[in-house]
Amino acid sequence: GGGVTPSAPYDNNQGFGRLSLQDSVYLAGKTNVQLKIWDRESVPDGGTNTYDVTIDKSGGCQSKDLSVTLVWMEEGSPSGCTA
């Protein structure tokens, strides 16, 4: 039988690709987010990068979740490339 699937914003059923900035961006005194950014890092083919992360709960953070976003950009192929 059919039915209605319960959902909430930004779950696996809706909001694909949308951000909740309140839950993503650190604003002092406004959000429960700690932020660490590694920018302009490179990983060679077949290589790995490892990062240690510590969740600082001294400021009252109550979250039990660690959320990680990985974003990358690859160099474009030469024009006319067919392989």
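Above this note sits the structure.
Described below are features of the structure shown in this document. No experiment lies behind these values; they were computed from the predicted model shown.

### Quick notes on the overall build of the chain
Within the chain, the secondary structure is distributed over zero helices and zero strands. Within the chain, buried positions represent 5% of all 83 residues. Sequence separation of at least 24 residues holds for 11% of the intrachain contacts in the chain that already meet a minimum separation of 6. Here the chain displays about 8400 Å² of accessible surface, and carbon together with sulfur accounts for 50% of that area.

### Some words on a nonpolar patch on the surface
A cluster of nonpolar side chains, Trp38, Tyr51, Val53, Ile55, Leu66 and Val68, forms an exposed patch at the surface whose accessible area comes to about 570 Å². Taking the relative accessible area as the measure of exposure, tyrosine 51 reaches 33% and is therefore partly exposed.

### Focus: the packing of aromatic side chains
Under the counting rule described, the total for this entry stands at one aromatic pair. Measuring from centroid to centroid gives 4.4 Å for tryptophan 38 and tyrosine 51, while their planes differ by 45°, and the two rings are tilted. In this arrangement the basic side chain of lysine 36 is found over the ring face of tryptophan 38, its NZ or CZ atom lying 5.4 Å from the centre.

What counts, and at which threshold
- Residues numbered from 1 in each chain as written.
- Predicted model: local features only at pLDDT ≥ 70, side-chain atom pairs only at ≥ 80, totals over all residues.
- Heavy atoms only, no water.
- Helix = DSSP H or I, 4+ residues; strand = E, 2+ residues; numbered from the N terminus.
- Buried < 20%, exposed > 50% of the residue type's maximum accessible area, 1.4 Å probe, protein only.
- Contact = heavy atoms within 4.5 Å.
- Areas by Shrake-Rupley, 256 points an atom, 1.4 Å probe, with all protein chains shown as cover.
- Patch = residues over 30% accessible without salt bridge, like charges linked within 9 Å, V, L, I, M, F, W, Y side chains within 5 Å.
- Salt bridge = Lys/Arg side-chain N within 4 Å of Asp/Glu carboxyl O.
- Phe/Tyr/Trp six-rings, centres within 6.5 Å; stacked < 30°, edge-to-face > 60°.
- Lys NZ or Arg CZ within 6 Å of the ring centre and 35° of its normal.

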